[in-house]
Amino acid sequence: MIYGEIAFLTGALDGGRWARNMGIGLTLTLGVLVFAVWQFRVYWRRYRNVDSVASTREGRFYRSQARRRLQIAALAGVVGFLMLAGMTIPAGYWPRLFAFSWIGVVLFGAWTIALAIADVVAIWFFFEEDRQEHAAQSVALRYKMEKFQEESLRACEEAVKKAQAEEKVREERK
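Given the structure is predicted, the values throughout are model-derived calculations rather than measurements.

**Q** Looking at this structure, how should I read the confidence of the model for the chain?
**A** Should the pLDDT be low somewhere, the predicted coordinates at that spot are not to be read in detail. Taken as a whole, the chain shows an average pLDDT of 80; of its residues, 84% reach a score of 70 or greater. Predicted confidence is poor over residues 11-16, with pLDDT under 50, and the contacts of this stretch with residues over four places away or in other chains come to 18 contacts.

**Q** Before we go on, may I ask you to explain the pattern of salt bridges in this structure?
**A** Close approach of charged atoms allows side chains with opposite charge to pair. Within this structure, the stated rule accounts for seven salt bridges. Taking the shortest distance from any N to any O, the salt bridge between Arg69 and Asp119 comes out at 2.7 Å. Of this pair, Arg69 sits in helix α3 (residues 57-88) while Asp119 sits in helix α4 (residues 95-173), and the two are 50 residues apart along the sequence. According to the relative accessible area criterion, Asp119 is buried, its value standing at 5%.

**Q** Explain the nonpolar core to me, please; I cannot follow it from the model alone.
**A** Soluble globular proteins tend to bury their nonpolar side chains together. Core analysis: the largest hydrophobic core is formed by nine residues, namely Val79, Leu82, Met83, Ala85, Met87, Ile89, Phe98, Trp102 and Val105. Considering every element that reaches this core, the biggest residue donor is α3, with five residues.

What counts, and where the lines are drawn
Residues numbered from 1 in each chain as written. Predicted model: local features only at pLDDT ≥ 70, side-chain atom pairs only at ≥ 80, totals over all residues. Heavy atoms only, no water. pLDDT = per-residue confidence, 0-100. Contact = heavy atoms within 4.5 Å. Salt bridge = Lys/Arg side-chain N within 4 Å of Asp/Glu carboxyl O. Helix = DSSP H or I, 4+ residues; strand = E, 2+ residues; numbered from the N terminus. Buried < 20%, exposed > 50% of the residue type's maximum accessible area, 1.4 Å probe, protein only. Core = buried A, V, L, I, M, F, W, Y, C linked by side-chain atoms within 4.5 Å.

Structure follows, in structure tokens:
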């Protein structure tokens, strides 16, 4: 019974005939495959271009990020292929193969989501270190600015006192 429900939702073959909603399923599957190929090309170029700065902290981060995203794109391609396979396998003829293809979609999809979460966490840790560094620099600059303001105020006060003293001397001379 569950095979029939999955077959209906995905638009799988129904006894050798195309189900009513096969067009939606094929469009979704082809969209996933096109997206996977496009993303793989984009991140493959980025992965190769990061070699020039790979020794820096940022270079290592961007290289590992590109590696994670390459894996995500490849997994999206596998998911798209398994979706296509699951849609074209008649559930009534090969129920185990049909079930394995959709279980694969779910497992590879979960793996893709886990990699995406790992990517988000890595980004957060990378930029958290930068935020802490900027916060420390901000505190140091604020201290320097306050010190400069105090010194400037003292210098102004001394200049005013000196001017007042000179004014007194001038008045006394008159």
